[in-house]
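Take a look at the letters that make up each chain.
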Amino acid sequence: MANALTAVRFLLAAPVAIAFAKPELLSPALLMTLLCVAIWTDYYDGRVARAMRTSSPAGQLFDHSTDCVFVSAGLAGSSIVGLAPAVLPALVIIAFVQYVMDSYLWHQQKQLRMSVIGRWNGILYFAPLVIIAASCLGVFGATERLLLLTAATLGYVLVVSTIVSIADRAVAPLMAERK
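Values in this document were obtained by computation on a predicted structure and should not be read as measured data.

Honestly, the packing of helix α2 (residues 28–51) against helix α6 (residues 126–135) in this entry has me stumped. Any pointers?
The description of two helices packed together rests on the angle between their axes and the distance between the axes. Where α2 meets α6, the axes come as close as 9 Å, and the angle between the chain directions of the two elements is 155°. The pairing of α2 with α6 is recorded here as roughly antiparallel in orientation. Handedness of the crossing formed by α2 with α6: left-handed. In this structure, α2 uses L31, M32, L35, I39 and D42 to contact α6, whose residues at the interface are F126, L129, V130, A133 and A134. Looking at the contact of α2 with α6 residue by residue, the class counts come to 9 nonpolar, no polar and 1 charged.

Have a look at this one:
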């Protein structure tokens, strides 16, 4: 059941990315609904897995991989129309690949090895998407431009925090060796 929730989010990645890149193809209300479904499935898939005692490292990897696909696709769609920094989707993918390699190859663990900044970045990658979609709903009037500015600013903050996360994960093994 938990993996089914994650799969729903995975299936929503392409339509959401296309909707951001070509806003005329999907109504703003439907885009916001798809984002809400994606966030809801992200919130509940782990809870369901734990409640049903079906959580596993493979399920965690599927969940986090799907998050990476979903947010990087949505951010790529947003960057195509100039609403998100063009480098952010690539940085999300680089950080995720590093996260997986750090966990499984370098630390040889049987599950993903999370970091505080990586966790917060993972959550906050959804925020510009929600803010951009909300700005298109037509209910915020004069503040719609402010919402877009907020989304862009948050996008640049996430560029910096993702670079910091990548650097932190790269330097951590070197710092551990010195101790």
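Please explain the packing of aromatic side chains as it appears in this structure.
To describe a pair of aromatic rings, you give the distance between the ring centres and the angle between the ring planes. For the coordinates displayed, the defined rule picks out 4 aromatic pairs. Between the aromatic rings of F96 and Y99, the centroid separation amounts to 6.0 Å while the plane-to-plane angle is 70°, which identifies the pairing as edge-to-face. Here F96 and its partner Y99 are both found in helix α4 (residues 88–106), 3 residues apart, which amounts to about one turn of the helix. A residue is classified by how much of its surface remains accessible, and F96, at 15% relative accessible area, is buried. Put simply, the rings of W40, Y43 and Y44 touch in pairs and so form one group of aromatic residues.

Is there a simple way to think about the nonpolar core in this case?
A general feature of soluble globular proteins is that nonpolar side chains tend to end up buried together. Residues V16, F20, L31, L35, F70, L88 and V92 are the most contacted members of the largest nonpolar core, which totals 36 residues. Contact partners of F20, with chain neighbours within four places excluded, come to L31, L35, G74, G77, S78, V81, L129, I132 and A133.

Could you clarify how one ought to interpret α2 in this entry?
Each α-helix turn comprises 3.6 residues. Residues three or four places apart therefore point the same way. Helix length check: α2 (24 residues) gives 34 Å between terminal C-alpha atoms against 34 Å at 1.5 Å per residue, within 8%. Taking the largest bend as the criterion, α2 deviates by roughly 30°, centred on Y44. What α2 keeps buried is the set L31, M32, L34, L35, A38, T41, D45 and A49. In the core, the buried residues of α2 are packed alongside α1 (2–21), α3 (57–80) and α6.

Looking at this structure, I do not really get the pattern of salt bridges. What am I missing?
Charged atoms that come close allow side chains of opposite charge to pair. Across all of its chains, the model carries 5 salt bridges by this definition. The closest approach of N and O atoms between R9 and D42, which form a salt bridge, is 3.5 Å. Pair noted here: R9 is in helix α1 and D42 is in helix α2, with a separation of 33 residues, a long-range link. Accessibility expressed as a relative area gives 22% for D42, which makes it partly exposed. D63 is paired through a salt bridge with R9; the nearest N and O atoms lie 2.5 Å apart. Of this pair, D63 sits in helix α3 while R9 sits in helix α1, placing them 54 residues apart in sequence.

Procedures and definitions
- Residues numbered from 1 in each chain as written.
- Predicted model: local features only at pLDDT ≥ 70, side-chain atom pairs only at ≥ 80, totals over all residues.
- Heavy atoms only, no water.
- Axes fitted to C-alpha atoms, helices over the stretch in contact; angles between N-to-C directions.
- Helix = DSSP H or I, 4+ residues; strand = E, 2+ residues; numbered from the N terminus.
- Parallel < 35°, antiparallel > 145°, perpendicular 65-115°, else oblique.
- Left-handed = near helix turned anticlockwise from the far one by under 90°.
- Contact = heavy atoms within 4.5 Å.
- Nonpolar A, V, L, I, M, F, W, Y, C, P; charged D, E, K, R; others polar.
- Phe/Tyr/Trp six-rings, centres within 6.5 Å; stacked < 30°, edge-to-face > 60°.
- Buried < 20%, exposed > 50% of the residue type's maximum accessible area, 1.4 Å probe, protein only.
- Core = buried A, V, L, I, M, F, W, Y, C linked by side-chain atoms within 4.5 Å.
- Expected span 1.5 Å × (residues − 1).
- Bend = angle between axes of the 7 residues up to and from the residue.
- Salt bridge = Lys/Arg side-chain N within 4 Å of Asp/Glu carboxyl O.

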